[in-house]
Amino acid sequence: MRLKVFTFVIALMFVCITQAQEEIVFVPQWTAQSQFAGYYVALEKGFYKKEGLRVRIEHPYASNSCINLLKAGKCHLITHHLTTAMCHIDNGFHLVNVQQTSQNNNQMIISHKPIRNIQSLNGMRIGRWKAGFCELAMILEKQHKLSIEWIPFIQNVNLFVSGAIDATMAMKYNEYFQLKTSGIRMPSENLLYFSDIGYNVPEDGLYTTLEYYKTHQIEVEKFVKATREGWEWAAAHPEETIDIVMNMTDYDDVKTNKLVQRWMLREYLNSMIDKKTGKRTYKLEKDALKLANNLLLSSGFIKKPVTYQQIVKP
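The structure presented is a predicted model; accordingly, all values stated were derived computationally and were not measured.

Definitions and cut-offs
- Residues numbered from 1 in each chain as written.
- Predicted model: local features only at pLDDT ≥ 70, side-chain atom pairs only at ≥ 80, totals over all residues.
- Heavy atoms only, no water.
- Salt bridge = Lys/Arg side-chain N within 4 Å of Asp/Glu carboxyl O.
- Helix = DSSP H or I, 4+ residues; strand = E, 2+ residues; numbered from the N terminus.
- Buried < 20%, exposed > 50% of the residue type's maximum accessible area, 1.4 Å probe, protein only.
- Pairing = 2+ DSSP bridges.
- Phe/Tyr/Trp six-rings, centres within 6.5 Å; stacked < 30°, edge-to-face > 60°.
- Axes fitted to C-alpha atoms, helices over the stretch in contact; angles between N-to-C directions.
- Contact = heavy atoms within 4.5 Å.
- Polar contact = N/O pair within 3.5 Å; in protein donor to acceptor, adjacent residues only side chain to side chain.

Enquirer: So what exactly am I meant to see when it comes to the pattern of salt bridges here?
Expert: Where charged atoms from two side chains of opposite charge approach closely, those side chains can pair. Taken as a whole and assessed by the stated rule, the structure comprises 14 salt bridges. Residue E229 is joined to K50 by a salt bridge in which the shortest nitrogen-to-oxygen separation is 2.9 Å. One end of the pair, E229, is in helix 10 (residues 217-236); the other, K50, is in helix 3 (residues 47-50), with 179 residues separating them in the sequence. A single salt-bridge network, built from bridges that share partners, covers E23, R54, R56 and E58.

This is the structure in structure tokens:
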């Protein structure tokens, strides 16, 4: 009898330890929105649970970014822009890309006046995100020898709408639509897409630390598999996905609506499609990394190239 009790206790302890080890805290780089729909779907539809994982999704806040939370050991996986991740790697914080969602660049500059060429930006007061993600804009300024006054904003378009700035950085799936629905006139000659001027560097990828990847490779691979399933389900069930996203925004007290999130989901899913294959590949392509390296190196953002073997893990 004692042997049976002892065996049961050991088994129970093993289950508890295993469950504790499998909990994964995931933090995207921004507040709750359709940009991260695949993760919300994977959690809501039980795709993570099916892989034997207990996953908790948290969101960053103004004073504590996802990268700071990862460095502090308060989360295990984050999303981040490729260029930003490469800068962190160059500075000695070894991030590894385990899945690449974005395949195309969504950044743009929206101006009150026509942008006849890149030199039209010279002397402008342009809004940019206080949270970062602006490496390409800084590279543009340096490469073309522009003088731009960058005005930081948190997450809305009020500065541009009020006329306090000449132009603003924007994401096609986010701020562009906010301005479009606000009634601001935005003819095509007032829009500058980074993807059209040789800066089509993909953005969001899924990252963890090299240390965590080495010690939790199986869990990371399961998370990646379930997340991919979440994105594919989201693409096939957009309206149900919007309901899941809205539940998340309500929980996090993010002021938005279905119209905004529907536009964001559609545009973000489009940005996930590789132009060469016409499919969502979920991998960082070597050509994309090469372009990012060339741009970051030429403007002094990194001191040496980030190799494919260094940043990408199978």
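Enquirer: Where do I start with the pairing of strand 2 (residues 54-57) in this structure?
Expert: Consecutive side chains of a regular strand alternate in pointing toward one face of the sheet and then the other. Residues V55 and I57 line the buried face of strand 2, whereas the alternating positions R54 and R56 sit on a face that is not buried. Summarising the sheet, strand 1 (residues 23-27) and strand 2 pair through 4 bridges and their orientation is parallel. For V25, the partnering residue across the bridge sits in strand 2 and is R56.

Enquirer: I keep staring at the packing of aromatic side chains and nothing clicks. Help me out?
Expert: Each pair of aromatic rings is reported with the distance of its centres and the angle of its planes. Per the stated rule, a full pass over the model turns up 12 aromatic pairs. Considering the side-chain rings of F26 and F223, the 5.8 Å spacing of their centres and the 45° angle between planes classify their relative orientation as tilted. Taken together, the residues span a long stretch of sequence, with F26 in strand 1 and F223 in helix 10 at a distance of 197 residues. The burial state of F26 is the same as that of F223; both residues are buried. Measuring from centroid to centroid gives 4.6 Å for F177 and W263, while their planes differ by 15°, and the two rings are stacked. Placement of the pair is F177 in helix 8 (residues 175-182) and W263 in helix 12 (residues 258-271), with a sequence separation of 86 residues. Like W263, F177 is buried.

Enquirer: Looking at this structure, I do not really get the sheet that holds strand 4 (residues 95-100). What am I missing?
Expert: The strands that make up a sheet pair up through hydrogen bonds in the backbone, lying either parallel or antiparallel. Overall, mixed pairing links the 5 strands, which are arranged 2-1-3-10-4 in an open sheet. The sheet is open, and its two edges are formed by strand 2 and strand 4, each paired on a single side. Pairwise comparison of adjacent strand axes, ignoring direction, gives a mean angle of 35° for this sheet.

Enquirer: Sorry, what's going on with the environment of E203 here?
Expert: Following the sequence through the fold, E203 ends up in the loop between strand 9 (191-193) and strand 10 (204-209). Assessed through its relative accessible area of 1%, E203 is described here as buried. When neighbours within four sequence positions are excluded, E203 is seen to be in contact with H80, H81, L82, Q100, S102, N104, N105, N106, Q107, M171 and Y173. Within the structure, E203 has its side chain in polar contact with the backbone nitrogen of N106 (distance 2.8 Å).

Enquirer: Help me understand the side chain of S299 in this model?
Expert: Summarising the element assignment, S299 is placed in the loop between helix 13 (286-298) and helix 14 (308-311). In contact with S299, other than residues within four places in its own chain, are I139, K142 and Q143.

Enquirer: Explain the sheet that holds strand 5 (residues 107-111) to me, please; I cannot follow it from the model alone.
Expert: Taken in spatial order, the 5 strands line up as 7-6-8-5-9 in an open sheet, and their pairing is mixed. Both outer strands of the open sheet, strand 7 (149-153) and strand 9, are each paired with one neighbouring strand and no more. Geometrically, the sheet is characterised by an average inter-axis angle of 30° between neighbouring strands, direction not taken into account. When strand 6 (residues 125-129) meets strand 8 (residues 167-171), the two strands line up parallel, connected through 2 bridges. What sits directly across from I126, in strand 8, is A167. Across the sheet, helix 6 (residues 135-143) is in contact with strand 5, strand 6, strand 7, strand 8 and strand 9; its angle to strand 7 comes to roughly 170°.

These values are about where atoms sit, not about what they do.
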